[in-house]
Amino acid sequence: MFSSVDDVSARLAETGYLASPAVATTVFLAARLGKPLLVEGPAGVGKTELAKAVAHACDARLVRLQCYEGVDESRALYEWNHAKQLLRISAGRGETWDEARTDIFSEEFLLPRPLLTAIRGDDPKVLLIDETDKADVEIEGLLLEVLGDFQVTVPELGTVTATRRPFTVLTSNATRELSEALRRRCLFLHIGFPDAELERRIVRLKVPGIDAALAESVVRVVGALRAMDLRKAPSVAETVDWARTLLALGASTLDETVVRDSLGVVLKHQDDIQKAAAKLDLDAL
């Protein structure tokens, strides 16, 4: 997929994703070693976007499993098209059960879900298992088979083994601890808030037309907000949204009025907004 760490950085940059050296190195190793990549960090720092950028850079199909509480095997792996099976059984009333069973448990009636879709076929794919920590603990047992051997067992059809392994990214906001067995199968990458220089570059890339001085001011103020004891520190996504907001408002500088009127873009809780309004000293930044 990639020839070197520099190749990763360059090709991800072409998609609009500016990767730090640590991110580029880990992506290269995951691709070279054929191991899943577990990406952990706060919401909004670019974990999901990394998988999308890799898919774009490699001209691969993105297959996404969005995890949530209650997601089960039928939503993650496959399920049978029961309505179509019933129609088939009704249409063949003269058949024996053995004759009908052979037909209805075939590819025609199978509904592949993300995990099965990702390991079938020879086309390049990126498998994104998003917000893994939101799924129930039981789903991890299912992932162990898929990520360990890249195979899925369908009792009626047999075992499906990947002929071309997908580049696999699991993301986690660390709302619960993932099992050691799952972690052991993956390379690990933590993406935190970027340093000021990288965040300025991200803002300038994502918000064309923004003045360099305004971009620097936005990053500096966001950095000050992150240093406060807030319920939800602003992420990179909020930094970019704030920069776009200021550009839409026609603001050329960050003054108290502009900050007060637009804090709801970067902070998502009223008590955080009140705390920031009371403690933020723009003159000291």
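Here the structure is a predicted model, which means the values were calculated and not measured.

Enquirer: Requested: an account of the pairing of strand β8 (residues 167-172), with residues and values cited.
Expert: Within β8, six of the six residues are buried, which leaves it mostly tucked inside the rest of the structure. Residues Phe167, Val169 and Thr171 line one face of β8 and the alternating positions Thr168, Leu170 and Ser172 line the opposite face, and both faces are buried. Looking at chain direction, strand β1 (residues 37-40) and β8 are connected through four bridges and run parallel. Directly across from Glu40, in β8, lies its bridge partner Ser172.

Enquirer: Quick one: what's the story with the packing of aromatic side chains, residue by residue and with numbers?
Expert: All chains considered together, the criterion is met by two aromatic pairs. Centroid distance Tyr78 to Trp80: 6.3 Å. Interplanar angle 80°. Geometry classified as edge-to-face. Per residue, the accessibility class of Tyr78 equals that of Trp80, and both read buried. With centroids separated by 5.2 Å and ring planes inclined at 85°, the aromatic side chains of Trp80 and Phe105 adopt a geometry described as edge-to-face.

Enquirer: Break down the pattern of salt bridges for me, citing the residues and quoting the values.
Expert: Taken as a whole, this structure holds 19 salt bridges when the rule is applied. When the shortest N-O distance is used, the salt bridge between Glu40 and Arg183 registers 2.9 Å. Of the two residues, Glu40 sits in strand β1 while Arg183 sits in helix α9 (residues 180-184), which places them 143 residues apart along the sequence. For the pair Glu40 and Arg183, a shared accessibility class is recorded, and that class is buried.

Enquirer: I'd love a proper account of the state of the cysteines, names of residues and values included.
Expert: Here the structure, examined in full by the defined rule, presents zero disulfides. Of the cysteine sulfurs around Cys58, a residue in no disulfide, the closest is that of Cys186, at 18 Å. The class of Cys58 is buried, set by a relative accessible area of 16%. Cys186 takes part in no disulfide bond, and the closest cysteine sulfur to it belongs to Cys67, at a distance of 12 Å. Relative accessible area serves as the criterion here: at 9%, Cys186 is assigned to the buried category.

Enquirer: Which residues make up the packing of helix α10 (residues 196-206) against helix α12 (residues 236-249), and what values do they have?
Expert: Packing of α10 against α12 brings their axes to within 10 Å, and their N-to-C directions diverge by 50°. Put simply, α10 runs oblique to α12. Taken as a pair, α10 and α12 cross one another with a handedness that is right-handed. Facing α10, whose interface residues are Glu199, Ile202, Val203 and Lys206, α12 presents Val236, Thr239, Val240, Ala243 and Arg244. Among the residues making up the contact of α10 with α12, the classes are represented as five nonpolar, one polar and three charged.

Enquirer: Can you tell me about α10, naming the residues and giving the values?
Expert: Within α10, burial applies to Leu198, Glu199, Ile202 and Val203. Relative to the axis of α10, the buried residues are bounded by an arc of 140° and lie together on one face. Turning to α10, the residues buried within the fold contact α11 (212-226) and α12.

Enquirer: Which residues make up the pairing of strand β7 (residues 158-161), and what values do they have?
Expert: With four bridges joining them, strand β6 (residues 151-154) and β7 adopt antiparallel strand pairing. Bridge assignment links Val154 to a residue of β7, and that residue is Gly158. What sits between β6 and β7 in their antiparallel hairpin is a turn of three residues.

Enquirer: Please give an account of the sheet that holds β1 that cites residues and values.
Expert: Pairing is parallel in the open sheet, where five strands are placed in the order β2-β5-β8-β1-β9. Both outer strands of the open sheet, β2 (61-66) and β9 (187-190), are each paired with one neighbouring strand and no more. Strand-to-strand twist of the sheet, defined as the mean angle between neighbouring strand axes without regard to direction, takes the value 20°. Across four bridges, strand β5 (residues 125-130) lies against β8 in parallel orientation. Looking at β8, one finds that Ile129 is bridged to Leu170. Sheet contacts for helix α2 (residues 21-33): β1, β8 and β9; angle to β9, the most-contacted strand, approximately 160°.

Enquirer: Tell me about the layout of surface pockets, residues and numbers included.
Expert: Considered as a void within the structure, the largest pocket measures approximately 690 Å³ in volume. When residues of the lining of the largest pocket are traced back to their parent elements, those giving at least two are α2, α3 (47-57), β2, β9, α10 and α12. In this structure, the second largest pocket encloses a volume near 230 Å³. If you go around the second largest pocket, you meet 14 residues; those closest to its centre are Met1, Ala31, Arg165, Pro166 and Phe167. Taken together, the elements giving at least two residues each to the lining of the second largest pocket come down to α2 and β8. For the lining of the second largest pocket, the class distribution of residues is eight nonpolar, two polar and four charged.

Reading the values: the criteria
Here the residue numbers are simple positions, counted from 1 along each chain's written sequence. Given that the model is predicted, a residue must reach a pLDDT of at least 70 before its local features are reported, and side-chain atom pairs must reach 80 or more before they are shown or counted; all residues, however, enter totals for whole chains, interfaces and linings. Where side-chain values are given, they derive from all heavy atoms of the structure, hydrogens and water being excluded. Exposure is judged per residue with a 1.4 Å probe applied to protein chains only, and the accessible area is read against the type maximum: over 50% gives exposed, under 20% gives buried, and values in between give partly exposed. Secondary structure counts use DSSP, requiring at least four H or I residues in a row for a helix and at least two E residues in a row for a strand, with both numbered from the N terminus. Pairing between strands is defined by DSSP: at least two bridges between them are needed. Only Phe, Tyr and Trp rings take part, Trp by its six-membered ring, and two of them pair if their centres are within 6.5 Å. Stacked means planes under 30 degrees apart, edge-to-face means over 60, and tilted covers everything else. We count a salt bridge whenever a side-chain nitrogen from Lys or Arg sits within 4 Å of a carboxyl oxygen from Asp or Glu. In what follows, a disulfide is any cysteine sulfur pair within 2.5 Å. Axis lines are fitted to C-alpha atoms, over the contacting stretch for helices. Their N-to-C directions set the angle, which ranges from 0 to 180 degrees. An angle counts as roughly parallel when it lies under 35 degrees, as roughly antiparallel when it exceeds 145, as roughly perpendicular when it falls between 65 and 115, and as oblique in every other case. Helix crossings are classified by the rotation of the near helix relative to the far one: an anticlockwise turn of less than a right angle makes the crossing left-handed, while a clockwise turn makes it right-handed. What makes two residues a contact is simply this: any of their non-hydrogen atoms within 4.5 Å. Ten residue types, Ala, Val, Leu, Ile, Met, Phe, Trp, Tyr, Cys and Pro, are classed as nonpolar, four, Asp, Glu, Lys and Arg, as charged, and the remainder, Gly among them, as polar. The reported arc concerns the directions from the helix axis to the C-beta atoms and nothing else. A 1.4 Å probe that fits but cannot get out identifies a cavity on a 1 Å grid over protein atoms alone, an open set with protein on both sides within 12 Å along at least five of seven lines counts as a pocket, and a residue lines either if it has an atom within 4 Å of a point. Grid points are joined across faces, edges and corners, and a volume is the space filled by probe spheres set on the points.

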